[in-house]
Amino acid sequence: MYLSLSDWTARRDAVDRNRASKVAFKASPTVIALGIVSMLTDISSESVAAVLPLYVTSALGLSMVAYGFLDGLNQGLSAIVRIGAGYTADRTRRPKPVAVVGYGLSAVARVGLLFVQGFGGITAIVGADRIGKGIRTAPRDAMIQSSSQPEHLARSFGVHRMLDTIGATVGPFLAFVVLLIVPDGYRVVFVVSLAAAVLGVAVLGLIVPNLRLHRPVAASVDVPSEAKKDGAARHTGQIGEVLRGRLRPVLLATGVLGLVTVGDGFVYLALMSHGHLQTFWFPLLFVGSNAVFLILAIPMGRLADRTSRSAVFVVGHVALAAAYVCAGLGGTLPMVLLCLVLLGSFYAATDGVLSALASQRSPSGATSTGIASAQTVVAVTRLVASTGAGALWFVFGAGPVMLGAAVFMVVLVPFAWRLLSKRNDETALEIER
Amino acid sequence: MTERQHWSSRRVRWTALIAIAALALGGSVIYALLAFERYQDQITGVSAASVTEDLPTGSRIVFRNTASGEGYGKIAAVPLDDPQGPRGLGDVPCDRVYAAVGMISCMRTIRGIPTTFETQVLDSKGHPVTTWPLPGVPSRTRISHDGLVATTAFVTGHSYATNSFSTETTIRGTGDRDYGNLEDFRMLINGSELTAADRNVWGVTFASGDSFYATVASGGETWLVSGSLRTKTLKSVVENAECPSISPDGTRVAFKKRRPGVGAVHWDIAVLDLASGHETLLPLDRSMDDQIEWLDDGTMLFGSPREGTVGDSDILSIKPVAHAAPQLFIEHAWSPSVER
């Protein structure tokens, strides 16, 4: 579990095809603990998210209309906070306290939920929760990276994402069970949610070790010129360094693919638009793709470690393109199921793998900033793509928009692949050693 | 090595975690049991309002009873000439209710996994006639003079990280008359066609013939639109107007108007004179979030949540004149509907 620093730096870029099979996989207790933290936090946030509209309208007697107006603002704020938190984790070299602040903020927001009644209060709480999410993600992924075996990095992220997705699936289920037993028991849901959040913070605070990220100077195995630049960058601008370094192709490829990732909301809407499915099934589509995601998270990570993380990440987008085609062409049951399988596979092949890829390619000592940058690129480009798809939706209709997105995706995938494989530092380093 | 010393207190940490877990889980279970007991009291205890059996007939005000005790959440009605008198209770629980032309539209939540929603159409005595599934949380409902039912539901995503909500407003009759989702109608905003997918329609109010008014929202802006069922078109009338309600004489439309400025959302009431285009603003101390219902040409009604009591509300009345102040009309009630 505790790798020495030199051990890690020497092996951090190892992608020798056989290496992943030579070194036995051992799930790090820290990764599992972080997965349980995420699972509890997702149970907490998704149980509230599932009943919040019902609570706001039927218990508080308010409409949900103002909710949407603040959404864009929150997302923008979350992106800025994310990079700031990643940067802070790197500068202090202690990601845990930053993550504790993020998880803690979301837990505190749950307390507020028990007391507020007005709309302003509800939006403030949802905003605080989202900022908390922005703060915690990158430091947490940096902790996963630094406590994983480098040969099995993507698989470790897979373990974490599986636990995380279990939480996201259990949360709404738990909330509806509570409401079934105690109708109008929204406060019970909030109390249960608070308990899960507090437990999550407790596991993080008490069980997850306060890891110290490796220092940049230890990166002597890295390309020397880059290591020197690293040192200077700590004082001038680490973020610029991250953007110029080996991570750049990852950010560019992620951005290019993100621009045609229109969001699952549209995929579900396209599936519904064929008229075969009753609106009743809508929430279950999320459950379906989540189930596939959690089943495939580990196998996909394993595949990425054994073959190539870049390849699995890029090919995952082909699965998304295929899901678009499915959603665009038909709404019959086999098509819907195929679409959900493809969508779940896409998440399994890209979500954790991107964090593995980003942390592997971040300059030493800037892992959190690197991961935060990649996640921000994903968030921003997907928002642009969804806005674009939204603007074209009524002009061309659901089918053509989906098929168009699939065509663009298929065209851009080879381009992204070229970006990722052009500077194949992975092999370069292997040779150097 | 420091890490190792740090972890010498491992046992202490695990003990602390187990203690926190026991407290959190135990606390939740105890709270849930108390809530369950409270809920039992709430639905079986003596009603906080005076109640009678059966809905009154004739001219009446139909609403959702929010008085704690027996009949909580169920459909109720009072005679139009004795609104503060005892309320007759129906059997059906409803989140939103509307009554007109011998029909009652009841939008309700069905607890389950997952929780689902439906519109139940009742006859004037409150007996079920037919049921349609709803795609989301009940929000608004109205019935036209020829028996068409308009409903607005909030459709929400699974995760608040994605698109947070959209509305689905449909108009249909009990027979095979079905105008579908109003989002698919042609929308003209200040004369030009709205093509964005980010479009939502809510709060229908029926006027004469095939015409109606509603709210269209896109890109954070809202408009009062006048609609035609025959041509399936919605045309903007004025900006910043939500949940319209046409007066019984058909000359005015009242709606909620968002107060400009950032921060918490605050809605006032505005009354638009359709002939002159003159808008009268009624600034409110407490924000209003309901679709207005006209008691008569000189009085408007709306529901207002009770401060300090989640799940209870009152129906207030207000005159449609500038700077009028709301007054309590029916206690422990929600979603008023005047049936003449």
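What you see is a predicted model, and the numbers here were worked out from it, not measured in a lab.

Asker: Any chance you could explain the overall build of chain A here in plain terms?
Answerer: Across its full length, chain A carries 18 helices and 0 strands. Taken across its 433 residues, chain A has 60% of its residues classed as buried. Look at the contacts in chain A between residues 6 or more apart in sequence, and 85% of them connect residues 24 or more apart. Here chain A has roughly 15200 Å² of accessible surface; of this, 71% comes from carbon and sulfur atoms.

Asker: Whenever I open this one, the sheet that holds strand β13 (residues 186-189) of chain B confuses me. Can you help?
Answerer: Backbone-to-backbone hydrogen bonds pair the strands of a sheet. The strands run either parallel or antiparallel. Residue and element names in this part refer to chain B. Read across the sheet, 6 strands follow the order β14-β13-β18-β17-β16-β15 without closing on themselves; strand pairing throughout is mixed. Lying at the two open borders of the sheet, with one neighbouring strand each, are β14 (192-193) and β15 (200-206). Summarising the sheet, β13 and β14 pair through 2 bridges and their orientation is antiparallel. Bridge pairing links Leu188 to Glu193 in β14.

Asker: Hey, could you run me through the interface of chain A and chain B in this one?
Answerer: Interface extent is often summarised as the accessible area lost during association of the parts. In this assembly, 67 residues from chain A lie in contact with 66 residues from chain B. If you look at where chain A meets chain B, you find 1 salt bridge. A salt bridge links B:Arg111 to A:Asp184; its shortest N-O distance comes to 3.1 Å. The interface formed by chain A and chain B contains 3 residue pairs in polar contact (both at pLDDT 80 or more). Elements that contribute at least two residues to the side of chain A that touches chain B include exactly α3 (29-59), α4 (65-92), α6 (119-146), α7 (153-181), α8 (186-206), α13 (282-306) and α16 (367-396) of chain A.

Asker: Explain the state of the cysteines here, please?
Answerer: Put plainly, two cysteines are in a disulfide when a covalent bond ties their sulfur atoms together. Residues and elements named next belong to chain B. Taken as a whole and assessed by the stated rule, the structure comprises 1 disulfide over all chains. Between the sulfur atoms of Cys94 and its disulfide partner Cys106 the distance amounts to 2.1 Å. Here the S-S torsion is close to -110 degrees, and the disulfide linking Cys94 with Cys106 is therefore left-handed. Pair noted here: Cys94 is in the loop between β4 (87-93) and β5 (96-100) and Cys106 is in strand β6 (residues 103-110), with a separation of 12 residues, a long-range link. Cys106 gets classed as buried once you look at its relative accessible area, which sits at 0%.

Asker: I tried to follow helix α15 (residues 333-361) of chain A on my own but got confused; where do I start?
Answerer: Residues spaced three or four apart along an α-helix point in a common direction, a consequence of the helix completing one turn every 3.6 residues. All names here are of chain A. With 29 residues, α15 should reach 42 Å at 1.5 Å per residue; the first-to-last C-alpha distance of 41 Å fits that figure. Taking the largest bend as the criterion, α15 deviates by roughly 35 degrees, centred on Val353. With respect to burial, α15 is a largely interior element, 22 of its 29 residues being buried.

Cut-offs applied
- Residues numbered from 1 in each chain as written.
- Chains lettered and ligands numbered in written order.
- Predicted model: local features only at pLDDT ≥ 70, side-chain atom pairs only at ≥ 80, totals over all residues.
- Heavy atoms only, no water.
- Helix = DSSP H or I, 4+ residues; strand = E, 2+ residues; numbered from the N terminus.
- Buried < 20%, exposed > 50% of the residue type's maximum accessible area, 1.4 Å probe, protein only.
- Contact = heavy atoms within 4.5 Å.
- Areas by Shrake-Rupley, 256 points an atom, 1.4 Å probe, with all protein chains shown as cover.
- Pairing = 2+ DSSP bridges.
- Salt bridge = Lys/Arg side-chain N within 4 Å of Asp/Glu carboxyl O.
- Polar contact = N/O pair within 3.5 Å; in protein donor to acceptor, adjacent residues only side chain to side chain.
- Disulfide = S-S within 2.5 Å.
- Expected span 1.5 Å × (residues − 1).
- Bend = angle between axes of the 7 residues up to and from the residue.

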